[in-house]
Amino acid sequence: MAEEVSRETLTGALSLLVNLGKVLLQKAQQDAAGSLEDFVPHKITTLFGLMTAGTNLYKSLGVRKKSEAEAIWQKYYAWAEVREQVEELLQLQSEWDSFLDSVDRGLQTTDGLLSGAPTADNLNPETPFTNGRTGESVNLGQYLDQGQKLLLVLIRHVG
């Protein structure tokens, strides 16, 4: 965890995440307003920008986990600037949750509909996926055994 984070670093990092998150949410809402069926396979990459923004927050605070970032801002929550940014971040999180819930409802893919499916303990290397960045059809085996750690992000859409 980071040794010491200055007020400017903390408030600046939180502000950057909140502002970028708002811009990305607005873009995602505009994209989804056109067509949900088009949004999910072609424009969901907007979420990659949000992941990058979160990563940048962690890097600027010198942490690796959400709990470590939260510990820092809890330590300095008495600062009005920090409190304001944290409250804006929590509000943004709520707005993103609402937006994604509306996408689920629009596509009729709620957790209730999906919960009847059995949970897999493992995936076959021949499991087909769509590369979110390129739209290319790929299989899981193409990404295994490359000497790198694999981060697999499964979007909540089953189509």
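Relevant structure appears above.
Residues numbered from 1 in each chain as written. Predicted model: local features only at pLDDT ≥ 70, side-chain atom pairs only at ≥ 80, totals over all residues. Heavy atoms only, no water.

**Points about the overall build of the protein**
- For the protein, the helix and strand inventory stands at six helices and two strands.
- Ordering the α and β elements of the protein from the N terminus gives α-α-α-α-α-α-β-β.
- A burial count over the protein gives 28% of its 159 residues as buried.
- Contacts in the protein between residues far apart in sequence, at least 24 positions, make up 64% of those at least 6 positions apart.
- Carbon together with sulfur atoms contributes 51% to the accessible area of the protein, which is approximately 10,700 Å² in total. (Helix = DSSP H or I, 4+ residues; strand = E, 2+ residues; numbered from the N terminus. Buried < 20%, exposed > 50% of the residue type's maximum accessible area, 1.4 Å probe, protein only. Contact = heavy atoms within 4.5 Å. Areas by Shrake-Rupley, 256 points an atom, 1.4 Å probe, with all protein chains shown as cover.)

**Topic: the environment of L107**
- Relative to the elements of secondary structure, L107 occurs in helix α5 (residues 80-107).
- Take L107: its relative accessible area is 16%, and that puts it in the buried class.
- Residues L107 and V40 lie 67 residues apart in sequence; the distance between their C-alpha atoms is 9.5 Å.

**A look at the pattern of salt bridges**
- This model, assessed by the stated rule, comprises five salt bridges.
- For the salt bridge of K27 with D31, the shortest nitrogen-to-oxygen distance reads 3.0 Å. Of the two residues, K27 and D31 both sit in helix α1 (residues 7-34), four residues apart, roughly one turn of that helix. (Salt bridge = Lys/Arg side-chain N within 4 Å of Asp/Glu carboxyl O.)

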